[in-house]
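# Descriptive analysis of the structure
If you want the building blocks of each chain, they are given just below.
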Amino acid sequence: GVDPRVAHSLVEADLQRRTLVEEWRGPAATSDGRAVELLANVGDAAASEAAHEGGLAQGIGLARTELAFLKSTAEPGVTDQVRAYAQVIAPWRGSKVVVRTLDAGSDKPVAYATLPGEENPALGVRGIRTSGPYPSILANQLDAIAIAAMSAPETRVWVMAPMVSTAAEAKWFADKARGYGLPKVGIMIEVPAAALRAEQLLSIVDFASIGTNDLTQYTMAADRLDGNLASLLDPWQPAVLEMIRHACNGGRATGKPIGVCGEAGGDPLLALVLTGLGVASLSMAPSKVNAVRAALRMHDLATCQQMAAFAVDAP
Ligand code: PEP
Ligand code: MG
């Protein structure tokens, strides 16, 4: 058993830490002032409103648009989509909302946007690839996002595509989104190919957001839905961190902001490593924002960079 005095002091220390975490508010930065934008991941209007009410996140870093699609048996009309997106955007006047276009396929089956009979759907037609067989879905969605953005001129609405792998895909998406008047167009970095070629891809778009859930799955060749593979599906895996470092270097070379919007961003310790690697923003479940903010406040940038070096060099 544990010595009761030791147990008591551990509980005390934990309570103190929790109090500190609860007390901290406002913009997030390291102890020496390196700002890191802390944003929320949301899936619908209710979550967006709750995140705003909570007052912890500075904006939305990932609005997953799948929900509107998963709920209906046919593609929702542009008017319905405009309403859904406008409700997600509405609470965030003066802030940023990053809307991700439809990520159908694989673990997000959308009946009317998923090819039947794929043998390996995680490696199949999903994310931006869906635009091949279903071109009008993206066109309608960009139309709806642009209209919703116009209805909220005080919110900075950015748009990004999931599962981009090549410069050609990035260019195709950027041209299309800009054609709808959307001012900031980005890509998700979830495929190793995109991480390795981040500099080239970022020279085409305005920003990138690293999806560590899929980047881990594809770097480690481990199905993200397979509970037997937990040790491989770990964003602390040095190979995954190496991919992230590569992506961040591409951001530095092009002067474009890189964020993280996978689950990894909500781990306070890993958030320090990601800050050390150079990310400009971290997007996470709103409940995780304060612990990450507190961790940042307790460390300086040099320490974060040292942690990043140790983590990437770990066996
Ligand atoms: C990710 O892959 O890390 C991500 C944020 O996207 P999703 O989890 O929706 O695939
Ligand atoms: Mg993903």
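Refer to the structure above for everything that follows.
Overview of the structure. The model shown is predicted, which means the values in this text are computed figures rather than measured ones.

Scoring rules and cut-offs
- Residues numbered from 1 in each chain as written.
- Chains lettered and ligands numbered in written order.
- Predicted model: local features only at pLDDT ≥ 70, side-chain atom pairs only at ≥ 80, totals over all residues.
- Heavy atoms only, no water.
- Donors = N, O, S within 2.8 Å, 3.2 Å for Na, K, Ca; no water.
- Helix = DSSP H or I, 4+ residues; strand = E, 2+ residues; numbered from the N terminus.
- Buried < 20%, exposed > 50% of the residue type's maximum accessible area, 1.4 Å probe, protein only.
- Core = buried A, V, L, I, M, F, W, Y, C linked by side-chain atoms within 4.5 Å.
- Contact = heavy atoms within 4.5 Å.
- Patch = residues over 30% accessible without salt bridge, like charges linked within 9 Å, V, L, I, M, F, W, Y side chains within 5 Å.
- Areas by Shrake-Rupley, 256 points an atom, 1.4 Å probe, with all protein chains shown as cover.
- Salt bridge = Lys/Arg side-chain N within 4 Å of Asp/Glu carboxyl O.
- Near = heavy atom within 4 Å.
- Polar contact = N/O pair within 3.5 Å; in protein donor to acceptor, adjacent residues only side chain to side chain.
- Nonpolar A, V, L, I, M, F, W, Y, C, P; charged D, E, K, R; others polar.
- Axes fitted to C-alpha atoms, helices over the stretch in contact; angles between N-to-C directions.
- Parallel < 35°, antiparallel > 145°, perpendicular 65-115°, else oblique.
- Left-handed = near helix turned anticlockwise from the far one by under 90°.

### Looking at the coordination of the magnesium ion (ligand 2)
For the magnesium ion (ligand 2), every protein donor is listed as Glu190 (OE) and Asp214 (OD), and the spread of their distances is 2.0 Å. Here Asp214 lies in helix α9 (residues 212–219) and Glu190 lies in the loop between β5 (184–189) and α7 (192–196), a separation of 24 residues in the sequence. A relative accessible area of 2% means that Asp214 is categorised as buried.

### So, the nonpolar core
Formed by 83 residues in total, the largest nonpolar core has its most connected members in Leu38, Phe173, Ile189, Ile244 and Leu282. If one sorts the elements of this core by residue count, helix α5 (residues 135–150) sits on top with 8 residues. When sequence neighbours within four positions are dropped, the list of residues in contact with Ile189 reads Ala194, Ala195, Ala198, Ala208, Ser209, Ile210, Gly211, Leu215, Ala247 and Ile258. With 7 residues, the next largest nonpolar core counts Leu62, Val98, Met160 and Phe207 among its residues.

### Some thoughts on the environment of Val42
Structurally, the position occupied by Val42 is in strand β1 (residues 37–42). For Val42 and Ala63, which are 21 residues apart along the polypeptide, the C-alpha to C-alpha distance reads 5.1 Å.

### Examining a nonpolar patch on the surface
There is a patch of nonpolar side chains on the surface, built from Val2, Val6 and Leu10 and spanning about 290 Å² of accessible area. One can find Val6 in helix α1 (residues 4–23).

### Observations concerning the site of ligand 1
Neighbouring residues of ligand 1: 14 residues in total, closest Arg64, Lys108, Glu190, Asn213 and Arg224. Contact distances for ligand 1 include 2.7 Å between an oxygen atom and a side-chain N or O atom of Arg64. Between ligand 1 and Asn213, the relevant distance is 2.7 Å, taken from an oxygen atom to a main-chain nitrogen or oxygen of the residue. If ligand 1 stood free it would expose 290 Å²; the protein chains cover 99% of that surface. Looking at the shell around ligand 1, the elements with two or more residues in it are β2 (59–64) and α9. Of all the elements, α9 adds the most residues to the shell around ligand 1, at 3 residues. Across the shell around ligand 1, the residue classes break down as 3 nonpolar, 4 polar and 7 charged.

### Topic: the packing of helix α11 (residues 268–277) against helix α12 (residues 289–297)
Their axes nearest at 9 Å, the elements α11 and α12 cross at an angle of 55 degrees. When the interaxial angle is binned, α11 and α12 end up oblique. The interaxial crossing formed by α11 with α12 has right-handed handedness. Residues Pro268, Ala271, Leu272 and Thr275 of α11 lie in contact with α12, whose contacting residues are Ala291, Val292, Ala295 and Leu296. For the contact of α11 with α12, a count of residues per class yields 7 nonpolar, 1 polar and no charged.

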